[in-house]
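Chain and residue survey
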Amino acid sequence: MDIKFNKEKGQANVYGSSMLFHCNHYNRSLQMSIEDADFIDSEKILVNSAAETSYLQMKQYYSENSGMSFSDKLNFAAKMFAFAGFGKLDFSGVNDNGGIVKQASSHYGMALKLTVLNRTNPGEYFDKGFIIGSLIAASEESDNAISKGFTLKATKSISLDQDSSEFEIDLNEKTEYLEMLEKNELPDFVEIPGIKNPGNINKDAIVTALAGMDLSGNDDGLIPAFGVYLTRMYADYYNKISFRFEKEIVKNSDVHDFAQILLTEAGHICGFNTMGGIMNSDEWYAMIKPMFQTKEDWMYGIIACIDALGWGVWRVEELIPNEKMVIRVYEAYESLGHLQWFGKSKFNNDYLVTGVSAALMNLIYLGDASTKPVYDKAYYASLFMNEYCFKGQQTKCLAAGDDYSEIVVTG
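The sections below set out a description of the structure shown in this document. If you're wondering where the values come from, they're calculated on a predicted model, not measured in any experiment. (Residues numbered from 1 in each chain as written. Predicted model: local features only at pLDDT ≥ 70, side-chain atom pairs only at ≥ 80, totals over all residues. Heavy atoms only, no water.)

1. Section: the pairing of strand E10 (residues 228-234)
Regular strands place side chains that alternate from one sheet face to the opposite one. Counting buried residues along E10, 6 of its 7 residues qualify, which places the element largely inside the surrounding structure. Linkage of strand E9 (residues 223-225) to E10, two consecutive antiparallel strands, is achieved through a turn of 2 residues, within which Phe226 is found at a positive phi near 55 degrees. (Buried < 20%, exposed > 50% of the residue type's maximum accessible area, 1.4 Å probe, protein only. Helix = DSSP H or I, 4+ residues; strand = E, 2+ residues; numbered from the N terminus. Pairing = 2+ DSSP bridges.)

Okay, here's the thing in C-alpha cells:
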C-alpha cells in the first residue's frame, strides 16, 4: 500500500484518506456507546459513515489506476481491508448482478465478542459499510445492476459467535447510504511549537522506529501488536460516528453531557488498553525504556509514541508528578474532523484526547506502569473507579475556535 507518512505530524495518508491506529478495545467501546443510545438510529450512523469513508478512498484509488475491471476493484478493496487490520473479505461470490460477500475474519466481530452480554443482532457495522462503499465505487462507471442501487443485509455474523460473516446484496430493495461526501476547507493553523521539556527521550528516534514497524494485517487480516489488536482506521470514520452521535443526542435530549461522558469513557478505555499495552510490550522495553532516568520519562516516552499514531501532535505543557498535567494537542484529529465535516463546534469535543490524557496519569501515577501490571477489568476498576483517580477537563479546542486543544488533568 502507498502510505504517505508525515513524520512531523505523525499523519499517514493512504489514497487520500487519513488513517490512524486504534485498538479493538476502543473500537468496541466507541461502537457500543453509540449503540446503547437506543433512541437514535445508531446502525445508520455506523454503516453510512463507513460507507462514505470507504467510497471516497476507493474512488480516489480507482481514479489513479484507470482500466481496472469490476472484480479487480473489489479485490483491491479486500486487500485494503486486510492491510488495515479489519479482517478478510471474499468478493468472489459477487458479480454485476449482485451476490454474497463472505468474511472469514473480522476485527469488529472478534472485538464485540469480548462483551459479557450476548448480542442479538449482527454488529459488524463498519465491515458492512466498508463493503457498501466499495461496491458503489466499483460500480460507479458501469451500467451493472448494483449501480442502480441495493441494500446490503448481514445473513451470518462472527459477532453472533458464528464461524464467519456473510452479506447479501439485495437488488430489490434500495437504501441511500451516501449522504455526506463534501468536506469543508480547513483554515490555516498556528505553527506547532517544539517540545518544551523532552525529559530524557529522543522523540524522533521513537517515531521513526514505530513508523518503521510492519503494522499491517496478517494472513487473517488482523494486526496483533502490543497486547491488543490494532486497526489502521480512517480518521473520518471515527469523527463522523462520534459527532453524528453527539448531534443526535443533543437533538433528542438537549443534554450534551451524556455524549461527552460516553465518548470520553471510550478514550479512558483506549488509553488503558492501548497505552498500557505499549508500556508492557517487548518493543517498549527494547527501544524506549532504556532512555529513562526518571518516572516522568514514562510520560514523555508514551507521548512520543502517541505522536506516531496519527492523533495530532501532543505537547506536555506542564507536568507536576502525582498532581497535574496539562496537554496541548495541535491539529488533533477529532477537531480536524469536526471542522472538515461539520464546521465550527459549539462544544469542546476532543473526547479521545481527554480520555487518554487522564488514563496516562492514572497509569503512571495512580497505578505504576513500571511494575508491568495485568491490564484486566479489575485493574481498570482500581484506576478509574477510584475516588482519587485523575480526570481530564478540556479547556481549549481547535474545533471551537482556539489555536490548539488543551486538556488539564488533575486528581
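2. Quick word on the sheet that holds E10
One open sheet accounts for 5 strands, arranged E1-E2-E3-E10-E9; its pairing is antiparallel. Either end of the sheet is taken by a strand with one partner, and the two such strands are strand E1 (3-6) and E9. Here the average twist between neighbouring strands, direction ignored, is 40 degrees. As defined by bridge partners, E9 adjoins E10 across 3 bridges and the pair is classed as antiparallel. The residue of E10 that forms the bridge with Pro224 is Tyr229. (Axes fitted to C-alpha atoms, helices over the stretch in contact; angles between N-to-C directions.)

3. Some thoughts on the packing of helix H2 (residues 42-64) against helix H3 (residues 70-83)
Between two packed helices, what matters for the description is the angle formed by their axes and the separation of those axes. As a packed pair, H2 and H3 sit with axes 11 Å apart at the nearest point and diverge in direction by 125 degrees. When the axes of H2 and H3 are compared, the pair comes out oblique. As H2 runs across H3, the sense of the crossing is right-handed. The residues of H3 that touch H2, namely those facing Gln57, Met58, Tyr61 and Tyr62, are Lys73, Leu74, Phe76, Ala77 and Met80. Taken together, the residues of the contact of H2 with H3 sort by class into 7 nonpolar, 1 polar and 1 charged. (Parallel < 35°, antiparallel > 145°, perpendicular 65-115°, else oblique. Left-handed = near helix turned anticlockwise from the far one by under 90°. Contact = heavy atoms within 4.5 Å. Nonpolar A, V, L, I, M, F, W, Y, C, P; charged D, E, K, R; others polar.)

4. Section: the pattern of salt bridges
For the structure on display, the rule yields 18 salt bridges. Glu179 is paired through a salt bridge with Lys44; the nearest N and O atoms lie 3.5 Å apart. In this pair, Glu179 is assigned in the loop between strand E8 (165-170) and helix H6 (203-211) and Lys44 in helix H2, connecting sequence segments 135 residues apart. Residue class for Glu179 comes out partly exposed when judged on its relative accessible area of 47%. Residue Glu52 is joined to Arg244 by a salt bridge in which the shortest nitrogen-to-oxygen separation is 3.0 Å. (Salt bridge = Lys/Arg side-chain N within 4 Å of Asp/Glu carboxyl O.)

5. Structural notes on the sheet that holds strand E13 (residues 391-396)
Ordered in space as E11-E12-E14-E13, the 4 strands form an open sheet in which the pairing is antiparallel. For this open sheet the edge positions go to strand E11 (313-320) and E13, each flanked by a neighbour on one side alone. When the angles between neighbouring strand axes are averaged without regard to direction, this sheet yields 20 degrees. Examined bridge by bridge, E11 and strand E12 (residues 324-330) share 7 bridges and lie antiparallel to one another. Of the residues in E12, the one forming a bridge with Leu319 is Met325.

6. Some remarks on unusual backbone geometry
Despite not being glycine, Phe226 has its phi angle at roughly 55 degrees, a positive value. Examined against the element boundaries, Phe226 turns out to sit in the loop between E9 and E10. Taking the relative accessible area as the measure of exposure, Phe226 reaches 12% and is therefore buried. The backbone of Asn322 sits at a positive phi, close to 65 degrees, despite the residue not being glycine. In this structure, Asn322 sits in the loop between E11 and E12. A relative accessible area of 53% places Asn322 in the exposed class.

7. What to know about the packing of aromatic side chains
In this description, a pair of aromatic rings is defined by centroid distance and the angle of the planes. Within the structure shown, the criterion is met by 30 aromatic pairs. Between the aromatic rings of Phe272 and Tyr379, the centroid separation amounts to 5.9 Å while the plane-to-plane angle is 45 degrees, which identifies the pairing as tilted. In this pair, Phe272 sits in helix H8 (residues 256-280) while Tyr379 sits in helix H13 (residues 377-384), placing the two residues 107 residues apart along the sequence. With relative accessibility at 2%, the residue Phe272 sits in the buried group. (Phe/Tyr/Trp six-rings, centres within 6.5 Å; stacked < 30°, edge-to-face > 60°.)

8. Describing the packing of H2 against helix H5 (residues 125-139)
In contact at an axis separation of 6 Å, H2 and H5 are set at 40 degrees when each is read in the N-to-C sense. Compared by their axis directions, H2 and H5 come out oblique. Here H2 and H5 pass one another in a crossing that is right-handed. Of the residues in H5, those in contact with Glu43, Leu46, Val47, Ala50, Ala51, Ser54, Tyr55, Met58, Lys59 and Tyr62 of H2 are Tyr125, Phe126, Lys128, Gly129, Phe130, Ile132, Gly133, Ser134, Ile136, Ala137 and Ala138.

9. With respect to the nonpolar core
One finds Phe91, Phe126, Met275, Met299, Ile302, Trp311 and Trp314 to be the most contacted residues of the largest nonpolar core, which totals 121 residues. Ranked by residues supplied to this core, first place goes to helix H12 (residues 351-366) with 11 residues. When sequence neighbours within four positions are dropped, the list of residues in contact with Trp314 reads Ile303, Ile306, Asp307, Ile327, Arg328, Val329, Val353, Val356, Ser357 and Leu360. Counting residues in hydrophobic clusters, the runner-up holds 5 residues, among them Leu336, Leu339, Cys397 and Leu398. (Core = buried A, V, L, I, M, F, W, Y, C linked by side-chain atoms within 4.5 Å.)

10. Some thoughts on H3
Between its first and last C-alpha atoms H3 spans 20 Å; for 14 residues at 1.5 Å apiece the expected length is 20 Å, and the two agree. With respect to burial, H3 is a largely interior element, 10 of its 14 residues being buried. Of the residues making up H3, those classed as buried are Phe70, Lys73, Leu74, Phe76, Ala77, Ala78, Met80, Phe81, Ala82 and Phe83. The positive-phi residue at the C-terminal boundary of H3 is Gly85, with phi of around 90 degrees. (Expected span 1.5 Å × (residues − 1).)

11. Some points on the environment of Thr274
Of note, Thr274 is situated in helix H8. The class of Thr274 is buried, set by a relative accessible area of 5%. Sequence spacing of Thr274 and Phe21 is 253 residues, and the spatial spacing of their C-alpha atoms is 9.7 Å.

12. Notes on H5
The first and last C-alpha atoms of H5 sit 21 Å apart over 15 residues, in line with the 21 Å expected at 1.5 Å per residue. With 14 of 15 residues buried, H5 lies mostly within the body of the structure.

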